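Topology and contacts: notes
Here's the letter readout for the chains.
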Amino acid sequence: MRLNYIYHSGFVIEGNDFSIIIDYYKDSGATFDSGIVHERILNHPGKLYVLSSHSHPDHFNPAILKWKEKHPDIQYIFSSDILDEKKTKLSDAVYLKKSEFYKDNILTIKAFGSTDIGISFAIEVEGKKIFHAGDLNNWHWNEESSSEYAKEAEDFYLKELDDLYQQEKYFDAVMFPIDKRLGKDYMKGAEQFLDKIKVGLFLPMHFDENYEAANAFEKFALTKNTQFGKIASRGQYFDL
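A brief structural summary.

Basis of the calculations
- Residues numbered from 1 in each chain as written.
- Predicted model: local features only at pLDDT ≥ 70, side-chain atom pairs only at ≥ 80, totals over all residues.
- Heavy atoms only, no water.
- Buried < 20%, exposed > 50% of the residue type's maximum accessible area, 1.4 Å probe, protein only.
- Helix = DSSP H or I, 4+ residues; strand = E, 2+ residues; numbered from the N terminus.
- Right-handed = clockwise from strand over helix to strand, strands pointing away.
- Pairing = 2+ DSSP bridges.
- Contact = heavy atoms within 4.5 Å.

Time to look at the pairing of strand β11 (residues 170-177). Among the eight residues that make up β11, seven are buried, leaving the element largely enclosed by the rest of the structure. Read as a crossover between parallel neighbours, the route from strand β10 (residues 128-132) over helix α3 (residues 147-167) to β11 is right-handed. Of the strand pairs in this sheet, β11 and strand β12 (residues 198-205) are connected by seven bridges, and their pairing is parallel. Counterpart to Y170 in the pairing with β12 is K198. In the classification by handedness, the crossover that spans β11, the intervening helix α4 (residues 188-196) and the parallel β12 is right-handed.

Structure below.
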């Protein structure tokens, strides 16, 4: 099994007889229809799962609904806010809210909370536990907001993190935002995550093209005995 980085918060979990695409926004290539999703994953045999954590356009692209024309053995699993905002129809997908889950003979997906809209995903497949945070993070914005706002945002995040910890103490792999726009404390949410939950492999996301800032988290991850997936380009993969 491998994890493929697509772009921004987009990843593919790829097994022998299944693929799981999470938070597709753009493919890994230079054009809309070039990259690992269009050139390989949509032609991969077996079940295709397509997950979207929320309706923000950098996490949900409605073009994904057309993929069923090319790959009919497909299951869409979306956050319920996507339906609430009328970006899809009820028949398009399975919709999840926090604490709900999807299960079949290949995988189990539990929906956890977010500190923005939508949900985060805990996925169990082939004996591995994998977490995709969606927009779950400590969005404190402490250099451009009041101390009261920053504390409220942090308290909200720590509550969601504790809810996750009550059920999951370890993940084999985690995809989590490392977003430099937050300012000098941009790694704080990820640090708090690793302080709380043990992780085998940590992969940064939500960094657009700022690879240097995202990969700077490696130093902290290693202090937690966590392997860090340094991302250098779109389409890069990591064995799990």
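Still more to cover.
Now for the pairing of β12. With six of its eight residues buried, β12 lies for the most part within the structure. Across two bridges, the pairing between β12 and strand β13 (residues 227-228) is parallel. Bridging from a neighbouring strand, L201 pairs with Q227 of β13.

Turning to the environment of I109, a few remarks are in order. Summarising the element assignment, I109 is placed in strand β8 (residues 107-112). Exposure remark for I109: the relative accessible area of 0% places this residue in the buried category. The residues contacting I109, other than those within four sequence positions of it, are L51, I77, L96, E100, F101, Y102, F121, A122 and I123.

Let us now look at the sheet that holds strand β7 (residues 101-103). On the basis of which strands lie adjacent, the open sheet formed by seven strands has the order β7-β8-β9-β10-β11-β12-β13 and mixed pairing. The sheet is open, and its two edges are formed by β7 and β13, each paired on a single side. Bridging between strand β9 (residues 120-125) and β10 involves five bridges; their strand directions are antiparallel. Paired with F121 across the bridge in β10 is H132.

Among the residues of α4, G189, A190, Q192, F193 and L194 are the ones counted as buried. On the buried face of α4, the contacting elements are β10, α3, β11, β12 and α6 (218-223).

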